[in-house]
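Coordinate inspection notes
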Amino acid sequence: MKKETKRNSFGGAIGFVLAAAGSAVGLGNIWRFPYLAAKDGGGMFLLVYIILSLTFGFTLLITEVAIGRKTKQSPLVAYGKLSKKWKWLGVVASLVPVIIMPYYCAIGGWVLKYFLAYITGQGAQTAEDGYFTGFISTETEPVLMMVIFLAVTAFIVFRGVNKGIESFSKVLMPILIVLVIAIAVFSVTISHTDADGTERTGLEGLAIYLIPDFSGMTVGRFLTVVLDAMGQMFFSLSVAMGIMITYGSYLSDDAKLARSINQIEIFDTVVAMLAGVMIIPALYTFAGRDGMDASGPGLMFVTLPKVFDAMGDIGHIVGCLFFVMVLFAALTSAVSIMEAVVSGIMDKFRVSRNRAVLIETAIALVMGVSVCFGYNLLYFDITLPTGSSAQILDVMDFVSNNILMPIVAISTCILIGWILKPKTVIEEVEKTGGKMGRKRLYTVMIKFIAPVMLVILFLKSLGVGL
Ligand code: PHE
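Source: prediction; values computed, not measured.

Parameters at a glance
Residues numbered from 1 in each chain as written. Predicted model: local features only at pLDDT ≥ 70, side-chain atom pairs only at ≥ 80, totals over all residues. Heavy atoms only, no water. Helix = DSSP H or I, 4+ residues; strand = E, 2+ residues; numbered from the N terminus. Rg over C-alpha atoms; globule rule 2.2 N^0.38 Å. Buried < 20%, exposed > 50% of the residue type's maximum accessible area, 1.4 Å probe, protein only. Patch = residues over 30% accessible without salt bridge, like charges linked within 9 Å, V, L, I, M, F, W, Y side chains within 5 Å. Areas by Shrake-Rupley, 256 points an atom, 1.4 Å probe, with all protein chains shown as cover. Salt bridge = Lys/Arg side-chain N within 4 Å of Asp/Glu carboxyl O. Core = buried A, V, L, I, M, F, W, Y, C linked by side-chain atoms within 4.5 Å. Contact = heavy atoms within 4.5 Å. Near = heavy atom within 4 Å. Nonpolar A, V, L, I, M, F, W, Y, C, P; charged D, E, K, R; others polar. Axes fitted to C-alpha atoms, helices over the stretch in contact; angles between N-to-C directions. Parallel < 35°, antiparallel > 145°, perpendicular 65-115°, else oblique. Phe/Tyr/Trp six-rings, centres within 6.5 Å; stacked < 30°, edge-to-face > 60°. Lys NZ or Arg CZ within 6 Å of the ring centre and 35° of its normal.

Next up on the list: the overall build of the protein. Summing up its helical and strand segments, the protein has 19 helices and four strands in all. Taking 466 residues into account, the globule formula puts the C-alpha radius of gyration at 23 Å, and the protein, at 22 Å, falls close to it. Along the longest, intermediate and shortest principal axes, the C-alpha atoms of the protein span 75 × 50 × 40 Å. Within the protein, the proportion of its 466 residues that are buried is 58%.

Below is the structure:
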């Protein structure tokens, strides 16, 4: 019999918080949060988001981390350990990162391409019409970029929890915060005069972002804001895909769980808010109100390069700093996605970390190449239930985010809230002494509010009109 090797673990609470925050802070914070905030009444969205973060987000996050620490297993095994009949949930939860990894790496490759363009002084080209579509429809370059991004991710995961994930997060996350703050400060100080003489300033843009806009507010509209905020938070906290269970399983028994959870949430929310301060004023100043409608790849790879270009010389530096920052955010998220899969393979099949990394890299490589080819050799265009048109990447995104993740989250609420009872999590949190705050809130959330809200969110994301 093979001797059981000691489970990896984080060196300390700070390492855990930074690694988990590294997972949470990703493309979602940068390309989706600011857009939603601008669309959903500025400050009001921020307020709703903060309240949801302290209730809904707190519930989901603490549940997963506690499951991980209690079972000391990755999700593939953890759910079965909690209850034999719920083994399937571990399989579904582990499938999510397998699906997300390839397209996250493809996008990571695009970010890398833009970073390289800026650092080699070719930033202006990225602002030309058709640059982005031209790039992703070529066959080799996007694959090459994806492979580099994947290789760096695999290298960090291969180094292990302590020497890889933790030590890289400890360096990358502080740099990321400094960059975000610097770009945000710059963004509110700029101004621009259009050809027709209209002047717009970053401060005006900041006001649009921060001041709550209640105009045209109805109950239905308010519900949309809440659901938007909830959907965003769900993705942003990296829950419902086993990552937080995996990271929780590396957390030592004497770490103060509740406090760490709060810190992760604060980190994630602060970066999301600052991303808004960074992007909205710049968009408003150089692209006007219309420019503020952009989100997703269109925002990052088409609109923002134009904004950087309009800034003149300094735009090259800002663009360069911006894309390094995004690269770090994407890298630490990709590391967490890969680790969730790798630890599952290690725990389930009892293979070494090296071998598990190799297996997952191979899977991500094959699927990632298909994602890249989705814009040329394997191109198709179908319409998703949500109404948007989709290529391979979007289909994978839809299956993982709109179908599997809600199923995992709803089932987790039922398992913990009704079958095993909330005390399972509460006891785990309080194991190290110290009371768990918001205990009653937690119980009500996990049993009633969270599952109901998640079902509504699920139906909405399937395109069912409400
Ligand atoms: N939470 C990350 C974000 O906000 C995205 C992410 C998704 C990370 C899936 C890991 C896994 O962008």
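With that settled, consider a nonpolar patch on the surface. Together, I414, W418, I419, V444, F448 and I449 make up an exposed nonpolar region whose accessible area comes to about 510 Å². When contributions to the nonpolar patch are tallied by element, the ones reaching two or more residues are α17 (392-419) and α19 (439-461). Within the secondary structure, I414 is located in helix α17. Looking at I414, the relative accessible area reads 34%, which means it is partly exposed.

M300, F301, F322 and F323 are the most contacted members of the largest nonpolar core, which has 171 residues in total. Considering every element that reaches this core, the biggest residue donor is helix α15 (residues 313-349), with 21 residues. With residues near it in sequence (within four places) discarded, F322 still touches I30, I183, M278, I279, M300, L304 and F308.

Inspection of the region around the ligand gives 15 residues, with G26, L27, G28, N29 and F235 positioned closest. Protein chains bury 100% of the 320 Å² of accessible surface belonging to the ligand in isolation. Listed by contribution, the elements that provide at least two residues to the shell around the ligand are α1 (13-24), α2 (27-39), α5 (87-119), α11 (219-236) and α15. Within the shell around the ligand, the residues separate by chemical class into eight nonpolar, seven polar and no charged.

When two helices pack together, their arrangement is captured by the angle between the axes and the distance separating the axes. One way to put it is that helix α13 (residues 257-291) packs onto helix α14 (residues 296-310) with a least axis distance of 10 Å and a crossing angle of 95°. Overall, the two elements α13 and α14 adopt an arrangement that is roughly perpendicular. Along the contact surface, α13 presents I279, A282, L283, F286 and G291, while α14 presents L299, T303, L304, V307 and A310. Class assignment of the residues belonging to the contact of α13 with α14 gives a composition of eight nonpolar, two polar and no charged.

One can describe the packing of helix α16 (residues 353-373) onto α17 by two numbers: an axis separation of 7 Å at closest approach and a directional angle of 125°. Accordingly, the angle class assigned to the pair α16 and α17 is oblique. Judged by residue contacts, M367, S370 and V371 of α16 engage I392, L393 and M396 from α17. Of the residues in the contact of α16 with α17, the class split is five nonpolar, one polar and no charged.

Relative to the assigned elements, Y247 resides in helix α12 (residues 243-249). The class of Y247 is buried, set by a relative accessible area of 1%. In this structure the C-alpha to C-alpha distance between Y247 and G315, which are 68 residues apart in sequence, comes to 38 Å. Once residues within four sequence positions are removed from consideration, Y247 is found in contact with F10, F16, A19, A20, S23, I165, V335, S336 and E339.

All right, on to the packing of aromatic side chains then. Under the defined criterion, the tally for this structure stands at 21 aromatic pairs. The interplanar angle of 85° and the centroid separation of 5.7 Å between the aromatic rings of Y114 and Y131 together place this pair among those described as edge-to-face. With Y114 in helix α5 and Y131 in helix α7 (residues 131-137), the pair connects residues that are 17 residues apart, well separated along the chain. Side by side, Y114 and Y131 carry an identical accessibility label, which is buried. When the ring of W418 is compared with that of F448, the centres are 5.5 Å apart and the planes differ by 85°; the resulting orientation is edge-to-face. Remark: F448 occurs in helix α19 and W418 occurs in helix α17; sequence separation between them is 30 residues. For W418, a relative accessible area of 41% translates into the label partly exposed. Judged by its relative accessible area of 44%, F448 is partly exposed. In this structure an aromatic cluster arises from ring pairing among W110, Y114, Y118, Y131, F132, F301, F308, F322, F323 and Y375. The aromatic ring of Y284 is capped on one face by R200, whose charged end is 6.0 Å from the ring centroid.

Okay, the pattern of salt bridges next. Summed over all chains, the structure comprises 15 salt bridges. Where D347 meets R7, a salt bridge forms, and the shortest distance between an N and an O atom there is 3.0 Å. Highlighted residues: D347 in helix α15 and R7 in the segment before α1, separated in sequence by 340 residues. Using a relative accessible area of 24% as the deciding quantity, one classes R7 as partly exposed. Note that K39 and D40 form a salt bridge whose closest N and O atoms lie 3.3 Å from each other. Through salt bridges with shared partners, a single ionic network connects K39, D40, R221, D228 and K460.

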